[in-house]
Amino acid sequence: MSRQRVRVCEVGLRDGLQSIATIVPTETKRRLLDGLVAAGLAEIEVGSFVPPRLLPQMADTPEVVAHALTKPGLTVTALVPNLKGAVLAFSAGVHKIVLPTSASWAHSLANVRKTPNEMIAVVGEIVALRAAMPGCTTRICVGISTAFGCTIQGDVDEAEVVRLAGAAIDAGADTVALADTVGYANPAQVRRLVRAVQDRVGEKLASCHFHDTRGLALANVLAALDCGIREFDGALGGLGGCPFAPGATGNVATEDLAFMLNAMGFETGIDVARLIELRSTVLAAALPDEKLWGAIHRAGLPKTYRAAGRKAA
Ligand code: ZN
């Protein structure tokens, strides 16, 4: 039986770096990206097309995109909050954009000053923009943030998440993703919500994005894997804080995620040992004041571990 492939998308250059105060030089971002590609990452979210005055950490996104596009076979993804950002991303030639749409009204208004329905209208405008640009093949993914709960409003109605996912696909988005922006999800909830969204949009629910804020990210990945999800976001060193929980852990660490998936027999194409090395030689070196997270870097790979692509003895 051939091994099942699971795709891991590295979001540290966006989700990680946007949440810290340090502005990482473009050259360091390039080195990180080179290292991630060398370690086998097939998709990298390289930045965000937001106004530089709002997020100076992301001001060099066009340069990082240009560098990423030189890597053969790499899917280059960028976050886009609005139509203006989509124009820039499409012109830059990114392969995929992620449009964050919050399932929480309170979070949506605080974050993008739009209601969830207004964001769905933006999805429609971006789909129309793509159709009007000859030769534009950029895929449009709507990332439903705060899908599992919200620090501002608390509970997020699951029916509302399902409705938004359906509305995004109806508006012409290619895929949707579920994001646990603030680390509220638990595995039972993940199973329930993933199935409910799959009932509405099927395989167009492509990926899940978990934060390890409360230590449940890998458990939540497992629950989503059980439901057939085969794409997950992660950030090297677990970078990516939560503005509402200072000191909290960030995204699930890519090296831990890839280790678990590889050890379970999934094919990720990722060389975990190289990721661990990249974490210390480039990421930790570039961010000496930033706390990094994750587990596998501490003890290293177990002797029984078989690297991706190697046949079991
Ligand atoms: Zn995130």
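Residues numbered from 1 in each chain as written. Predicted model: local features only at pLDDT ≥ 70, side-chain atom pairs only at ≥ 80, totals over all residues. Heavy atoms only, no water.

### Topic: the state of the cysteines
Evaluated as defined, the whole model comprises zero disulfides. Note on Cys227: no disulfide assigned, nearest cysteine sulfur contributed by Cys208 at a separation of 8.4 Å. Look at Cys227 and you get buried, because its relative accessible area is 13%. (Disulfide = S-S within 2.5 Å. Buried < 20%, exposed > 50% of the residue type's maximum accessible area, 1.4 Å probe, protein only.)

### A look at the pattern of salt bridges
For the structure shown, the criterion picks out 13 salt bridges. In this structure, Arg14 engages Glu45 in a salt bridge whose closest nitrogen and oxygen atoms are separated by 2.5 Å. With Arg14 in helix α1 (residues 12-16) and Glu45 in strand β2 (residues 43-48), this residue pair connects regions lying 31 residues apart in the sequence. Ionic pairing is found between Asp34 and Lys71, a salt bridge with its closest N-O pair at 2.8 Å. Taken together, the residues span a long stretch of sequence, with Asp34 in helix α2 (residues 26-38) and Lys71 in the loop between α3 (61-68) and β3 (75-79) at a distance of 37 residues. Judged by its relative accessible area of 30%, Asp34 is partly exposed. You can call Lys71 buried: its relative accessible area is 18%. Among the charged side chains, a network of salt bridges with common partners joins Arg7, Glu43 and Lys96. (Salt bridge = Lys/Arg side-chain N within 4 Å of Asp/Glu carboxyl O. Helix = DSSP H or I, 4+ residues; strand = E, 2+ residues; numbered from the N terminus.)

### Topic: helix α8 (residues 187-201)
Taking 1.5 Å as the rise per residue, α8 with 15 residues should run 21 Å; its terminal C-alpha atoms sit 21 Å apart, in good agreement. Of all the positions in α8, only Gln189, Val190, Leu193, Val194, Val197 and Val201 are classed as buried. Considered in projection along α8, the buried side chains sweep an arc of 120 degrees and stay on one side of the axis. Of the surrounding elements, those touching the buried residues of α8 are α7 (158-170), β6 (175-180), β7 (205-210) and α9 (217-226). A positive backbone phi angle near 60 degrees is found at Gly202, which sits one or two residues after α8. (Expected span 1.5 Å × (residues − 1). Arc of directions from axis to C-beta. Contact = heavy atoms within 4.5 Å.)

### Brief notes about the packing of aromatic side chains
Under the criterion given, the structure shown has two aromatic pairs. When the ring of Phe148 is compared with that of Phe210, the centres are 6.0 Å apart and the planes differ by 50 degrees; the resulting orientation is tilted. Of this pair, Phe148 sits in the loop between β5 (139-145) and α7 while Phe210 sits in strand β7, and the two are 62 residues apart along the sequence. The exposure class assigned to Phe148 is buried, which follows from its relative accessible area of 4%. By relative accessible area, Phe210 is classed as buried at 1%. (Phe/Tyr/Trp six-rings, centres within 6.5 Å; stacked < 30°, edge-to-face > 60°.)

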